[in-house]
Amino acid sequence: EQHLDLISSGHLPHFTWKINQVNEANKIKNDETISNLEESVNFNPKSIYKYETNDWKSVENLSISVKSSFLTIASFNVLCDVYEKDKIQTEKRLPAIFEELRKSDADIIAIQEATPDFLKFLLAQDWIRDYYYVSESSTGDNIQSFANLLLSRLPFTLVEHKFSIQKHVLVGSWFINNELLHVAVVHLTSNRAKNAVEKRKHQLRTVVDYLQQQSGSYCIVGDFNTINNLEDDLPS
């Protein structure tokens, strides 16, 4: 009667989900349970999109060297309206968010909690269409309810690792001044979830392990969901 989609929200009982190669004791009971540590960690390539000929199109061969005397990175959790929609006033906030992002004049923009509707409005902005590569197509097929986005004025390549249905990390890679730079965009588990600190440690450890295997420099940006206890969440 409430028309609730229990599949995409991850709220179906745990026994209804088919999980391959996972011990019964470690079956996923919600969309933010830590992945089985014995499973291989895959960072899979993702397409990059650019606005060309009146449409957003997938572009290839972006592993090219560019020159830049400085680089600016902006990160923003735009606050999705999946929960408490009546209190968030998305219609009023969106224009202000887009204006702040535009004024930031950032070379790289990392966004957390982007919904399909947010993506639609974002990709309609002239300044985005004119200057930026983006990590998601205009259809937003990869966004279940909300997700991370990565935008860049400079060409880049992209990989993604999914911790769960909701939680994922994007890692963009740039070849700037003949050096590699990797930027990971995270939105770590909040304290609303059970065992939140342990989950954040696992998520950060996974990201750091991957980045340390890459040549060049890296940084991690996004929403760490920590308040005065970042040291507790940092992996050893």
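Details of the structure are given in the entry above.
Residues numbered from 1 in each chain as written. Predicted model: local features only at pLDDT ≥ 70, side-chain atom pairs only at ≥ 80, totals over all residues. Heavy atoms only, no water.

Q: Explain the nonpolar core to me, please; I cannot follow it from the model alone.
A: It is characteristic of soluble globular proteins that their nonpolar side chains tend to be buried jointly. With 24 residues, the main nonpolar core has Ile109, Ile111, Phe118, Leu122, Ile128, Leu149 and Leu151 as its most contacted residues. Every element with two or more residues in this core is listed here: helix 3 (90-104), strand 6 (108-114), helix 4 (116-122), helix 5 (126-131) and strand 8 (147-152). It is helix 3 that contributes the most residues to this core, 4 residues altogether. Membership of the second largest hydrophobic core comes to 18 residues, among which are Ile108, Tyr133, Trp174 and Val185. (Core = buried A, V, L, I, M, F, W, Y, C linked by side-chain atoms within 4.5 Å. Buried < 20%, exposed > 50% of the residue type's maximum accessible area, 1.4 Å probe, protein only. Helix = DSSP H or I, 4+ residues; strand = E, 2+ residues; numbered from the N terminus.)

Q: For this particular structure, what's the right way to read the pattern of salt bridges?
A: Opposite charge on two side chains lets them pair, provided their charged atoms get close. Scanning the entire structure with this criterion turns up 7 salt bridges. Between Glu84 and Lys87 there is a salt bridge, with its nearest N and O atoms 3.7 Å apart. With a shortest N-O distance of 3.5 Å, Glu100 and Lys103 are connected by a salt bridge. Of this pair, Glu100 and Lys103 both sit in helix 3, 3 residues apart, which is roughly one turn of that helix. Each member of the salt-bridge network shares a partner with another, and the members are Asp105, Asp107 and Arg153. (Salt bridge = Lys/Arg side-chain N within 4 Å of Asp/Glu carboxyl O.)

Q: Sorry, what's going on with the packing of aromatic side chains here?
A: The geometry of an aromatic ring pair is captured by two quantities: the separation of the ring centres and the angle between the planes. For the structure shown, the criterion picks out 5 aromatic pairs. Seen from their ring centres, Phe43 and Tyr210 are 3.9 Å apart, and the 15 degrees between their planes marks the pair as stacked. Taken together, the residues span a long stretch of sequence, with Phe43 in the loop between helix 1 (6-9) and strand 1 (44-46) and Tyr210 in helix 6 (residues 196-212) at a distance of 167 residues. Centroid distance Phe156 to Trp174: 4.9 Å. Interplanar angle 15 degrees. Geometry classified as stacked. Of this pair, Phe156 sits in the loop between strand 8 and strand 9 (157-162) while Trp174 sits in strand 10 (residues 168-176); the two residues are 18 residues apart in sequence, bridging distant segments of the chain. Overall, the relative accessible area of 0% leaves Phe156 in the buried class. A relative accessible area of 0% places Trp174 in the buried class. Above the face of the Tyr133 ring, Lys50 is positioned so that its terminal group lies 5.5 Å from the ring centre. (Phe/Tyr/Trp six-rings, centres within 6.5 Å; stacked < 30°, edge-to-face > 60°. Lys NZ or Arg CZ within 6 Å of the ring centre and 35° of its normal.)

Q: Even after reading the chapter, I still don't get helix 3, so can you show me in this structure?
A: An α-helix turns once per 3.6 residues; consequently, residues spaced three or four apart project the same way. Across its 15 residues, helix 3 extends 20 Å between first and last C-alpha, which sits within 8% of the 21 Å expected from 1.5 Å per residue. Taken together, the buried positions of helix 3 are occupied by Thr90, Leu94, Ile97, Phe98 and Leu101. Buried residues of helix 3 fall within an arc of 95 degrees about the axis and therefore sit on the same side. Opposite the packed face of helix 3, turned more than 90 degrees from it, sit the exposed residues Lys92, Pro95 and Lys103. Considering only its buried residues, helix 3 is in contact with strand 5 (73-77), helix 2 (85-88), strand 6, helix 4 and helix 5. (Expected span 1.5 Å × (residues − 1). Arc of directions from axis to C-beta. Contact = heavy atoms within 4.5 Å.)

Q: Just checking my understanding: could you explain helix 6 for this structure?
A: Look at helix 6: 24 Å from first C-alpha to last across 17 residues, which is about the 24 Å you get at 1.5 Å a residue. Three or more residues of helix 6 are buried, namely Ala196, Lys199, Arg200, His202, Gln203, Leu204, Thr206, Val207, Val208, Tyr210 and Leu211.

Q: What's the story with the sheet that holds strand 7 (residues 133-134) in this structure? I'm lost.
A: Within a beta sheet, neighbouring strands are joined by backbone hydrogen bonds and run either parallel or antiparallel to one another. On the basis of which strands lie adjacent, the open sheet formed by 6 strands has the order 3-2-7-8-6-5 and mixed pairing. Lying at the two open borders of the sheet, with one neighbouring strand each, are strand 3 (55-59) and strand 5. As paired elements, strand 2 (residues 48-52) and strand 3 share 5 bridges and run antiparallel to each other. Paired with Lys50 across the strands is Lys57, a residue of strand 3. (Pairing = 2+ DSSP bridges.)

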